[in-house]
Protein chains: 4
Amino acid sequence: MVVVMQERATEAQVEAVVAQLLEMGYAIHRSSGANRVVIGAVGGGHGDPALIGVREGVHEVLRISVPYKLASRTFKPENTVITIGDVRIGGDEVVVMAGPCSAENEAQVEASAIAVKRAGAKIFRGGAFKPRSSPYSFQGLGEDGLKMLRASADRHDLKLITEVMEIAQIEIVQQYADILQVGARNMQNYSLLRELGKVRKPVLLKRGLSATIEEWLMSAEYILAGGNREVMLCERGIRTFESYTRNTFDVSAIPVVQQLSHLPVIADPSHGTGRRDKVAAMARAAVAAGCDGLLIEVHCDPDHAQSDGAQSLFPNQFDQLMAELRIIAPAIGRSICVASVARRGWGR
Amino acid sequence: MVVVMQERATEAQVEAVVAQLLEMGYAIHRSSGANRVVIGAVGGGHGDPALIGVREGVHEVLRISVPYKLASRTFKPENTVITIGDVRIGGDEVVVMAGPCSAENEAQVEASAIAVKRAGAKIFRGGAFKPRSSPYSFQGLGEDGLKMLRASADRHDLKLITEVMEIAQIEIVQQYADILQVGARNMQNYSLLRELGKVRKPVLLKRGLSATIEEWLMSAEYILAGGNREVMLCERGIRTFESYTRNTFDVSAIPVVQQLSHLPVIADPSHGTGRRDKVAAMARAAVAAGCDGLLIEVHCDPDHAQSDGAQSLFPNQFDQLMAELRIIAPAIGRSICVASVARRGWGR
Amino acid sequence: MVVVMQERATEAQVEAVVAQLLEMGYAIHRSSGANRVVIGAVGGGHGDPALIGVREGVHEVLRISVPYKLASRTFKPENTVITIGDVRIGGDEVVVMAGPCSAENEAQVEASAIAVKRAGAKIFRGGAFKPRSSPYSFQGLGEDGLKMLRASADRHDLKLITEVMEIAQIEIVQQYADILQVGARNMQNYSLLRELGKVRKPVLLKRGLSATIEEWLMSAEYILAGGNREVMLCERGIRTFESYTRNTFDVSAIPVVQQLSHLPVIADPSHGTGRRDKVAAMARAAVAAGCDGLLIEVHCDPDHAQSDGAQSLFPNQFDQLMAELRIIAPAIGRSICVASVARRGWGR
Amino acid sequence: MVVVMQERATEAQVEAVVAQLLEMGYAIHRSSGANRVVIGAVGGGHGDPALIGVREGVHEVLRISVPYKLASRTFKPENTVITIGDVRIGGDEVVVMAGPCSAENEAQVEASAIAVKRAGAKIFRGGAFKPRSSPYSFQGLGEDGLKMLRASADRHDLKLITEVMEIAQIEIVQQYADILQVGARNMQNYSLLRELGKVRKPVLLKRGLSATIEEWLMSAEYILAGGNREVMLCERGIRTFESYTRNTFDVSAIPVVQQLSHLPVIADPSHGTGRRDKVAAMARAAVAAGCDGLLIEVHCDPDHAQSDGAQSLFPNQFDQLMAELRIIAPAIGRSICVASVARRGWGR
């Protein structure tokens, strides 16, 4: 760390800071300028920089290292590519994950799976355990929901991503899912993250509503440090003063995280906007900004969805969006999976 | 809900909205003004207002009921007073909870307990399970820490509050603690909240960094709906653009919550500011604004604390603060416990 | 407005609200549900809804009309297209405005103009009066700068946009510029806006750092109400808790404003990110999201720019970006001007 | 500044940074640790640190000096006390400024002046030029309003503070007012600030809705650098995600600014909350936190005010508040002016 003393700091104050840094185990380099003293603390010390920051005579303490290691490009310069069967996340293709917010019943799950497969999605999304802000809202079908989701995914050759909300659910969720999702509200549920570090399936970690990019990478670090190196990060909107959209979808986080970290970055424009009529524009923006994948809510009948209907696309809207994305992706040297109908030669 | 149509909405759009509201089970009242149609939907309907909000021709949907019930003053107009032995939270006295961030060892716990008791605190705080943003930081002593905290609390006739981070810890924490604390990062860990609804000890629920007041009350609702009616709310700072203080301590949330809810409101100026030199000013402000209690970090030796040292008060600073608070509290018809030394006639 | 009474509101409280609404000139419709009274106030009344909101017994006051009129799609459903010579802003083409932050000297202005023209920009940007957060920073060349900018624009058949900071500058700036720009910090400088309403040149109004979309449209309303109907809106990033980028570029504001208003929406990814290495990704995102134009800082030698060098593109980066944008625009049925070199058949 | 290189930065990248720093005129100190190179740049250089920040191989640039000088405690360690006749702002007494939002007519101005004088205010507030977010709202009485305000202030031995919105108003406003107020929306209207630097009357500078404390002090620097050393700062709430209150009143800014600057800090709980029923709690909190003065809206008949009625106190509420503040102020060694009735021996 670098400790910047106040311009009027006394020699005694400087010496007290130096003494504490030495006690913390740092090597010290003191630089006295015309106006102020600056103290560099390097080496194997450990201690809370904030403790120095509140000492008398200290103007500011500047940290010079990032607190995450395994998640950083310094640790691993090349992109992490997560492979699930024939799907590669973090490679040249922008991978699309789509499906309903919740599994509601077999017919709804199946109809939604058919729709997203047809349009070119490779991964099926759907929730069985739902975190709801009201205790009186629909909380998901639990294991029954997982079974429906898996069955439809298998039937249409899709991989499956679904959310895990608590430690006790990990065991069962990983029996059904290919990717375990951690929701925004659990981004700093450290107990859950630590357990997910022991799992041997990829984890998609959503950014918390008020999480800085650094905090988000620190949460990824929990999972990585536990031994699970297959983590992908998902931007889904942050909380700001603007209330027209449910959240403010931070598109710039995509290139920022890609610079700082080797982990794949997924964008969720459905939660990022909260409004169906803004999802397509933000999905296009995310691909143009360089995301490695999209997570989009698509429902066979959004008007009767039990959750998130207002932000779920109709199947034909999703078809249209995929067509637009296929034009955009080449602008940055990437591709989007073609629609099944085109690829396989049979139609709806 | 009230559905405001766009000024140029067509009759067909209006009728489609009406049809959907009827299908949701609402009774409808349609009002056609000079410029636009407004549709009131009342009665026992259920359905997501956002679904109406994204329909064509709809300008805006306005909700007219609050989503929490048990936490509201409508449900219970009189203040909830939580009684733990001879301590009453939510009554005339402003109850002070103080102690170190973490239990580190017996000597530190005991010295801190002595200090806070002497100054007039009634409840001892300290953590044994610590949520840390880095997986490489000190994570707490676990049950050993709980034992130390309980022993010192008992020795000095203090009640004990400590944090519970996950469902599996509830059983053991409630054996030692008088109040279970839910941290800001777990405010929307619904699985944890649901389990705490079954506990028969008071719960202190911290506000999440980006939680609106309504979301905070919804999280309280989870605990109340589970059957535990002894919930207190704790303001501890929200995340804003201003970075000089670690968070922005939202003092105005105190009177706002007291108007909306019957639950006691506690203020935590230590986390609210993150800087020792700002804690006293914010503690005074919180009492002046009418809070029912304070949660303050006090450490016998903050410079060597294993966590949160920079925001922990020295014992003599805490003494001084308590003296100031005793002047302020009567301005709003309340009191603060006198210091032990004054009350009992012997000092240290 | 709709006044929602508290569930326990007394009849006297309801009657007092009704009396005040009648005094304000509203027609009243009272609806008594099982739980609460809701009062609709319609017609030609005028008065501050907040006054009703603080009355005893009132739960909430919901406004049902937007406070801007001329800026809304209701007033003018079709897009406003602003025509300056052969340039049409708001039509099928995405118009690119580019150039240096400040005019520094003739050589720099000319070299920058050549670069942006070559790449396909239609409008030249550059500042002569600079709003700087420090009184000790470079404040611009004033009229000398305007002359340089105009001369280079004319030489290369470019239109010119430049900023006006105060009323006294309007006269001179409109002698040189084709479009007058209002900076983010002046978005609510109502005196300035009112004067710009009298000008007969187009105005580009930047969104304030903490302005809601509604406030932004209200500021546009000031100019429109003064008689100047040629206003374009420019998103340039909002202030949030995230500090990695200088601002958070709110890409979703583009489709939101296009839905609410008929005015063209321009995106400024240079100020939106504050970092050169993120400008291209955000420019692509803005076009993919549907913006009507881009405002981009390009400097012939960014490392020696007197202002905003860190967010200014090098000419070759701008060339590359324009090529990418030409791939993306067709995805939403739009085009970008081809580069001069391609169009005219001669290079540099 | 301190330049922290990336861990994998090449020697060529380090040398390029050093070369640019030298070109900017800095003296360089290079420190090579186990993991990374850190470059200290000191001395009389000048250049934009952001330019270094976007260079290849650079991890982060840390600024080690504050950009404001005259406003800082380093420049002037002792508190600035602004004296206007027998009123001293920044001394032991907490000075209360109160009155209506706008001057509406003589009777309203006079009745409001009587009320605030009686309760113990020393300075009368009221607006004649009003910045309104809607062009269709009441814009103030102009010079007629100034005359009314001055007459009532003189009649009751009160000083007068009123807002100036544009350069052209400075001349006339300073003929009537003792303190010129700059509104939050004009905090970064640098043209206006520069002109106010030439005025020889005190200026109260409100914090912008999204202004960091540093930006606020930079705006004060504009006025100070112009030669006007009598500047006071006014906290009036910042914009956050919480929408229950109109703004979030940042009470912690009071002690923070007092630490960084010698200028007096005034608190405006009326705009800080936007709701009459929360003003008293926040006024008490601000005094408890140590503010040097209060700016409060009091109207003789708030329900019929032409602006800000919902946040204006009734005279009897203001009396009650002043009595509470007189209890609180001594807790921090300060006083509040006694009510006229007590001091002068004649009552209502």
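Since this is a predicted model, take the numbers as computed values, not measurements.

## Some thoughts on the overall build of chain A
Moving on, step 1. In terms of helices and strands, chain A carries 12 helices and 15 strands.
Moving on, step 2. For the C-alpha atoms alone, the extent of chain A along its principal axes is close to 80 × 45 × 40 Å.
Moving on, step 3. A buried classification covers 58% of the 348 residues belonging to chain A.
Moving on, step 4. Considering only contacts in chain A between residues 6 or more positions apart, those separated by 24 or more positions represent 66%.

## Quick notes on the environment of A:Arg63
Moving on, step 1. Positionally, A:Arg63 belongs in the loop between strand S4 (58–62) and strand S5 (82–84).
Moving on, step 2. On a C-alpha basis, the gap between A:Arg63 and A:Lys117 in space is 48 Å, while along the polypeptide they are 54 residues apart.

## Looking at the relation of the copies chain A and chain C
Moving on, step 1. Taken as rigid bodies, chain A and chain C are interconverted by a rotation of 180° and an axial shift of 0.0 Å, the fit giving an RMSD of 0.0 Å. The transformation just described matches what one would write down for a two-fold rotation axis. Residue A:Ala285, judged by its C-alpha, is the member of chain A lying nearest the rotation axis, at 1.9 Å.
Moving on, step 2. Most of the interface of chain A is mirrored in chain C, where 100% of its interface residues again form contacts.

## Let's talk about the environment of A:Asn186
Moving on, step 1. Among the structural elements, A:Asn186 can be located in the loop between strand S10 (179–182) and helix H6 (190–196).
Moving on, step 2. Given 29 C-beta atoms within 10 Å, A:Asn186 falls into the buried group.
Moving on, step 3. In the structure, A:Asn186 is positioned 21 residues away from A:Arg207 in sequence and 9.1 Å away in space, judged by C-alpha atoms.
Moving on, step 4. Contacts of A:Asn186, omitting those with residues within four sequence positions, involve A:Met165, A:Leu192 and B:Asn189.

## Details of the domain arrangement of chain A
Moving on, step 1. One can read the domain layout of chain A as domain 1 (2–62) and domain 2 (82–344).
Moving on, step 2. When each unit is reduced to the centre of its C-alpha atoms, the spacing between domain 1 of chain A and domain 2 of chain A is 45 Å.

## Looking at the sheet that holds strand S3 (residues 37–42) of chain B
Residue and element names in this part refer to chain B.
Moving on, step 1. The four strands lie next to each other as S2-S3-S1-S4, forming an open sheet whose pairing is antiparallel. Of all the strands in the sheet, just strand S2 (27–32) and strand S4 (58–62) have a single pairing partner and so form its edges. Strand-to-strand twist of the sheet, defined as the mean angle between neighbouring strand axes without regard to direction, takes the value 15°.
Moving on, step 2. Note: strand S1 (residues 2–5) against S4, four bridges, orientation antiparallel. Counted as the bridge partner of Val 3 is Val 61 from S4.

## A short note on the interface of chain B and chain A
Moving on, step 1. Of the residues lining the interface, 36 residues belong to chain B; the matching set on chain A comes to 35 residues.
Moving on, step 2. It is helix H7 (residues 213–225) of chain B that contributes the most residues to the side of chain B that touches chain A, five residues altogether.
Moving on, step 3. Grouping the constituent residues of the side of chain B that touches chain A by class yields 15 nonpolar, 10 polar and 11 charged.

## A short note on the packing of helix H4 (residues 143–155) of chain B against helix H5 (residues 167–176) of chain B
Residues and elements named next belong to chain B.
Moving on, step 1. Their axes nearest at 9 Å, the elements H4 and H5 cross at an angle of 20°. It follows that H4 is roughly parallel to H5 by the angle criterion. For H4 against H5, the interelement crossing comes out right-handed. Counting all contacts with H4, which are made through Glu 143, Leu 146, Leu 149 and Arg 150, the residues of H5 involved are Ile 172, Val 173 and Tyr 176.
Moving on, step 2. Looking at side-chain class alone, the contact of H4 with H5 contains five nonpolar, no polar and two charged residues.

## Observations concerning the interface of chain A and chain C
Moving on, step 1. Counting residues at the interface gives 31 residues for chain A, matched by 32 residues for chain C.
Moving on, step 2. For the side of chain A that touches chain C, the element with the highest residue contribution is helix H10 (residues 276–289) of chain A, accounting for seven residues.

## Description of the sheet that holds strand S1 (residues 2–5) of chain A
All names here are of chain A.
Moving on, step 1. If you trace the four strands from one edge of the open sheet to the other, you get S2-S3-S1-S4, paired in antiparallel fashion. At either margin of the open sheet sits one strand with a lone partner, and together these are strand S2 (27–32) and S4. On average, adjacent strands in this sheet sit at an angle of 15° to one another, irrespective of strand direction.
Moving on, step 2. Packed onto the sheet, helix H1 (residues 11–24) meets S1, S2, strand S3 (37–42) and S4 and runs at close to 5° relative to S3.

## A look at helix H7 (residues 213–225) of chain D
All names here are of chain D.
Moving on, step 1. The end-to-end C-alpha distance of H7 is 18 Å, a good match for the 18 Å that 13 residues give at a rise of 1.5 Å each.
Moving on, step 2. Of all 13 residues in H7, 10 are buried, a share of seventy percent or more.
Moving on, step 3. The complete set of buried residues in H7 reads Ile 213, Trp 216, Leu 217, Met 218, Ser 219, Ala 220, Glu 221, Tyr 222, Ile 223 and Leu 224.
Moving on, step 4. For H7, the secondary structure elements touched by its buried residues are helix H6 (190–196), strand S11 (203–206), strand S12 (231–235) and helix H8 (253–260).
Moving on, step 5. Where H7 terminates, the next one or two residues include Gly 227, which has phi positive at roughly 115°.

## Things to note about the pairing of S12(D)
Residues and elements named next belong to chain D.
Moving on, step 1. The buried fraction of S12 is high, at five of five residues.
Moving on, step 2. The two faces of S12 match: Val 231, Leu 233 and Glu 235 on one face and Met 232 and Cys 234 on the other face are all buried.
Moving on, step 3. Summarising the sheet, S11 and S12 pair through four bridges and their orientation is parallel. Bridged to Lys 206 within S12 is Cys 234.
Moving on, step 4. A crossover links S11 with its parallel partner S12, the connecting element being H7, and its sense is right-handed.
Moving on, step 5. Strand direction decides the pairing type here: S12 and strand S13 (residues 265–267), joined by three bridges, are parallel. Note that in S13 the partner of Cys 234 across the bridge is Ile 266.
Moving on, step 6. Handedness of the β-α-β unit built from S12, H8 and S13 comes out right-handed.

## Section: unusual backbone geometry
Moving on, step 1. Here the phi dihedral of A:Asp308 falls at roughly 60°; this positive angle occurs in a residue that is not glycine.
Moving on, step 2. Secondary-structure assignment places A:Asp308 in the loop between strand S14 (293–297) and helix H11 (315–328).
Moving on, step 3. Of note in this structure, C:Asp157 is not a glycine but carries a positive phi near 55°.
Moving on, step 4. Tracing the backbone through its elements, the reader meets C:Asp157 in the loop between helix H4 (143–155) and strand S9 (159–163).

## Notes on the confidence of the model for chain A
Residues and elements named next belong to chain A.
Moving on, step 1. Of all residues in chain A, 97% attain a pLDDT of 70 or more, and the chain-wide mean is 92.
Moving on, step 2. Contacts of residues 342–348 to residues separated by more than four positions or lying in other chains number four contacts, the stretch itself having pLDDT below 50.
Moving on, step 3. Here the complex is predicted with pTM 0.93, and the ipTM for its interfaces comes to 0.93.

## Digging into the environment of C:Asp48
All names here are of chain C.
Moving on, step 1. Tracing the chain through its elements places Asp 48 in the loop between strand S3 (37–42) and helix H2 (49–53).
Moving on, step 2. The exposure class assigned to Asp 48 is partly exposed, which follows from the 17 C-beta atoms found within 10 Å.
Moving on, step 3. Taking the C-alpha atoms as reference points, Asp 48 and Met 24, 24 residues apart in sequence, are found 9.0 Å from one another.

Calculation notes
Residues numbered from 1 in each chain as written. Chains lettered and ligands numbered in written order. Predicted model: local features only at pLDDT ≥ 70, side-chain atom pairs only at ≥ 80, totals over all residues. Helix = DSSP H or I, 4+ residues; strand = E, 2+ residues; numbered from the N terminus. Buried ≥ 20, exposed ≤ 12 C-beta atoms within 10 Å, placed from the backbone. Contact = placed C-beta atoms within 7 Å. Least-squares fit on C-alpha atoms with pLDDT ≥ 70 in both. Domains from an automatic or database assignment. Pairing = 2+ DSSP bridges. Axes fitted to C-alpha atoms, helices over the stretch in contact; angles between N-to-C directions. Nonpolar A, V, L, I, M, F, W, Y, C, P; charged D, E, K, R; others polar. Parallel < 35°, antiparallel > 145°, perpendicular 65-115°, else oblique. Left-handed = near helix turned anticlockwise from the far one by under 90°. Expected span 1.5 Å × (residues − 1). Right-handed = clockwise from strand over helix to strand, strands pointing away. pLDDT = per-residue confidence, 0-100.

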